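Summary of the model geometry
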Amino acid sequence: IKLKSKTVEIETTTYKKRHTFTQLYPGVKYTLTVEMTSCKQKKVISKMITTAARVYNAEAYIQELFLPSYENTCRPEFKSMSAKFRKEIEKNLPKEFQAYIKSKTMRLVINAIRKGSVIVVFDIVTALDVPSNTSSIQKSFLNALQKSTLAVDLKRTHIVEANACLQGTDSCSANATCSTEGASYTCACLEGFTDLSPAVPGRDCYATKPTEDVDSGWRTAVIVLGVILGCVLLIIIIIALFITERYRIKRHSTYEIQQRAEKFVPPGVIGNFYYKGM
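**Digging into the overall build of the protein**
Looking only at helices and strands, the protein features five helices and 12 strands. Counting every position in the protein, which comprises 278 residues, the buried fraction comes to 27%. A separation threshold of at least 6 residues defines the contact pool for the protein, and within that pool the share at least 24 residues apart is 51%. Only carbon and sulfur atoms are counted for the fraction: they give 58% of the accessible area of the protein, which is about 20,200 Å².

**As for the sheet that holds strand β8 (residues 158–161)**
Ordered in space as β6-β7-β5-β8, the four strands form an open sheet in which the pairing is antiparallel. Strands at the two margins of the open sheet, each flanked by one partner only, are β6 (106–115) and β8. Strand-to-strand twist across the sheet, computed as the mean angle between neighbouring axes with direction ignored, equals 20 degrees. As paired strands, strand β5 (residues 54–62) and strand β7 (residues 118–126) are joined by nine bridges and run antiparallel to one another. Residue pairing for β7: Ile62 is matched across the bridge by Val118. Strands in contact with helix α1 (residues 76–92) are β5, β6 and β7; relative to β6, the strand with the most contacts, it is inclined by about 130 degrees.

**Observations regarding the side chain of Thr126**
In this structure, Thr126 sits in strand β7. Residues contacting Thr126, with those up to four places away along its chain left out, are Pro26, Ala53, Arg54, Thr105, Met106 and Ile137.

**Brief notes about the packing of aromatic side chains**
All told, the structure shown has four aromatic pairs when counted by the stated rule. Relative to Phe122, the ring of Phe85 has its centre 5.1 Å away and its plane inclined at 65 degrees; by these criteria the two rings are edge-to-face. Pair noted here: Phe85 is in helix α1 and Phe122 is in strand β7, with a separation of 37 residues, a long-range link. In this structure Phe85 comes out as buried when scored by relative accessible area, which is 0%. By relative accessible area, which is 1% here, Phe122 ends up buried. One aromatic cluster in this structure is built from Phe97, Tyr100 and Phe141.

**Considering helix α3 (residues 134–147)**
With 14 residues, α3 ought to run about 20 Å at 1.5 Å a step, and its terminal C-alpha atoms sit 20 Å apart, in line with that. Along α3, the residues classified as buried are Thr134, Ile137, Ser140, Phe141, Ala144 and Leu145. One side of α3 carries all its buried residues, which in axial view fall inside an arc of 140 degrees. The outward face of α3, more than 90 degrees from its buried face, is lined by the exposed residues Ser135, Lys139, Gln146 and Lys147. In the core, the buried residues of α3 are packed alongside β5, α1, α2 (95–102), β6, β7 and β8.

Conventions we followed
Residues numbered from 1 in each chain as written. Predicted model: local features only at pLDDT ≥ 70, side-chain atom pairs only at ≥ 80, totals over all residues. Heavy atoms only, no water. Helix = DSSP H or I, 4+ residues; strand = E, 2+ residues; numbered from the N terminus. Buried < 20%, exposed > 50% of the residue type's maximum accessible area, 1.4 Å probe, protein only. Contact = heavy atoms within 4.5 Å. Areas by Shrake-Rupley, 256 points an atom, 1.4 Å probe, with all protein chains shown as cover. Pairing = 2+ DSSP bridges. Axes fitted to C-alpha atoms, helices over the stretch in contact; angles between N-to-C directions. Phe/Tyr/Trp six-rings, centres within 6.5 Å; stacked < 30°, edge-to-face > 60°. Expected span 1.5 Å × (residues − 1). Arc of directions from axis to C-beta.

Purely geometric stuff here, so don't read any function into it on its own.
This is how it looks when you write it as structure tokens:
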């Protein structure tokens, strides 16, 4: 089994049907590859997965000179500013939040640095089991920014719950619904689809064909076949009646012609013989 992200790659071998990976960052996309070997046959399954998380979108306005190189995430200036921003926040967070970061159940993701003066666009990502709500997240991080050496304009800085369903960052199946729940979301397979991973609902939804649908199909086929056979039988009956009627008319016409012929036989003629009256 392989689990790979942009920065991490984990590989393990197991003979069990289930395996649990621990110490994974929340809200991270991984490529999961499972290689199964049985009776000298090999099968490989690969898919994208995202670890469950609560996500908060944030923007911090810092009053300092903007450098054009901040817009390029590959440039040293961007990386240096991101590291400085992250360090200033983390050291001023409450101790329990620092512990969450250390245990990989909370993380800061710097997405971009924009002009105006300097706007740091970042996400606060926590595991679902972290006992914090939106209010405590907002209060703790705003206080950390205020205590930092960064010249942050708190009036223009905001932290809000992310709407993964609206933003399209959810991991729900294309055959599932996505419902926002605070800073997280839930997925549920659509009607007519079976959930193959009920432990993580709405991620693997496959179409099902209920027995009643199959029976309905057979019933429809039988009805159609019955109608066709009925039509064929009706055509045969009509043809038979037509032939019978023609035969009856022909016989009737022949009989009438014969009767008319007999009316025109001269008196005294019987066969080829004549007779005289007394």
